[in-house]
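# Geometric and topological summary
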Amino acid sequence: MNPSALLAPLFLAFELWQLVVSERYLGIKQIRVNADPRELPMAGWMAATWAGGLLFYYAWMLTLLLHPVGRAQGVVLILVTGAGYLIRSTCGLKWVLVVLTFEGSIRIGMLVSFLAQSWRQLMA
């Protein structure tokens, strides 16, 4: 079993939290009032947790490449994250939430797939 599977539920919760936070700062209500999310207040602890979580998440994605179980999911997670960043950096602010939601749903699917694959290998 890949020992990285023990952290997968944590990152699954992080992905769900990230979707909620991105909806709050980039959601329909913010688009209606034409608010810039960079000007909205964010608690220091939330910004630090989010940034630290992203760095830890990216490092964890790279460790998935070291073990055969989860390697495919690791590759997809890395590619989706990179492609999502490229698309978000070129699209308008109104499309960022759409891209983030689509990107997050693919990453959540890969995390669930990794957990299922790890579970099957553990039971075999």
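Calculation criteria
- Residues numbered from 1 in each chain as written.
- Predicted model: local features only at pLDDT ≥ 70, side-chain atom pairs only at ≥ 80, totals over all residues.
- Heavy atoms only, no water.
- 1 Å grid on protein atoms, 1.4 Å probe; cavity = no way out; pocket = protein on both sides within 12 Å on 5 of 7 lines; lining within 4 Å.
- Points joined across faces, edges and corners; volume = space filled by probe spheres on them.
- Helix = DSSP H or I, 4+ residues; strand = E, 2+ residues; numbered from the N terminus.
- Nonpolar A, V, L, I, M, F, W, Y, C, P; charged D, E, K, R; others polar.
- Buried < 20%, exposed > 50% of the residue type's maximum accessible area, 1.4 Å probe, protein only.
- Axes fitted to C-alpha atoms, helices over the stretch in contact; angles between N-to-C directions.
- Parallel < 35°, antiparallel > 145°, perpendicular 65-115°, else oblique.
- Left-handed = near helix turned anticlockwise from the far one by under 90°.
- Contact = heavy atoms within 4.5 Å.
- Expected span 1.5 Å × (residues − 1).
- Arc of directions from axis to C-beta.
- Patch = residues over 30% accessible without salt bridge, like charges linked within 9 Å, V, L, I, M, F, W, Y side chains within 5 Å.
- Areas by Shrake-Rupley, 256 points an atom, 1.4 Å probe, with all protein chains shown as cover.
- Salt bridge = Lys/Arg side-chain N within 4 Å of Asp/Glu carboxyl O.

This part takes up empty space enclosed by the protein. This model, assessed by the stated rule, comprises one cavity of 30 Å³ or more. Quantified by volume, the largest cavity comes out at close to 30 Å³. Lining the largest cavity we find Glu15, Gln18, Leu19, Ser22, Leu100, Gly104 and Arg107. Breaking the lining of the largest cavity down by element, the ones donating at least two residues are helix 1 (8-26) and helix 5 (93-123). At four residues, helix 1 tops the list of elements feeding residues into the lining of the largest cavity. Within the lining of the largest cavity, the residues separate by chemical class into two nonpolar, three polar and two charged.

Position of Gly53 relative to the elements: it lies in helix 3 (residues 44-64). Since its relative accessible area comes to 16%, Gly53 is described here as buried. For the pair Gly53 and Leu77, spaced 24 residues apart in the sequence, the C-alpha separation amounts to 15 Å.

Direction vectors running N to C along helix 1 and helix 3 enclose 135°, while the axes themselves pass 11 Å from each other. Regarding the angle of helix 1 to helix 3, the classification is oblique. Helix 1 and helix 3 meet at a crossing whose hand is left-handed. Counting all contacts with helix 1, which are made through Ala8, Leu10, Phe11, Phe14, Glu15, Trp17, Gln18, Val21, Ser22, Arg24 and Tyr25, the residues of helix 3 involved are Met46, Thr49, Trp50, Gly53, Leu54, Phe56, Tyr57 and Trp60. Among the residues forming the contact of helix 1 with helix 3, the class breakdown is 13 nonpolar, four polar and two charged.

Another aspect to go through is helix 3. Under the 1.5 Å per step criterion, the end-to-end length of helix 3 is 30 Å for 21 residues, consistent within 8% with the ideal 30 Å. If you check which residues of helix 3 are buried, you get Met46, Trp50, Gly53, Tyr57, Trp60, Met61 and Leu64. Down the axis of helix 3, the smallest arc covering the buried residues is 100°, so these residues share one side. In this structure, helix 3 carries Gly44, Ala48, Leu55 and Leu62 as exposed residues pointing more than 90 degrees from its buried face. Where helix 3 is buried, its residues contact helix 1, helix 4 (71-90) and helix 5.

On to helix 4, then. Here helix 4 is 20 residues long and its end C-alpha atoms lie 29 Å apart, about the 28 Å a rise of 1.5 Å per residue gives. Packing partners of the buried residues in helix 4 comprise helix 3 and helix 5.

Residues Met1, Leu6, Trp119, Leu122 and Met123 make up a contiguous nonpolar surface patch of about 590 Å² in total accessible area. Topologically, Trp119 is positioned in helix 5.

Bear in mind that shape data such as this cannot, by itself, settle questions of function.
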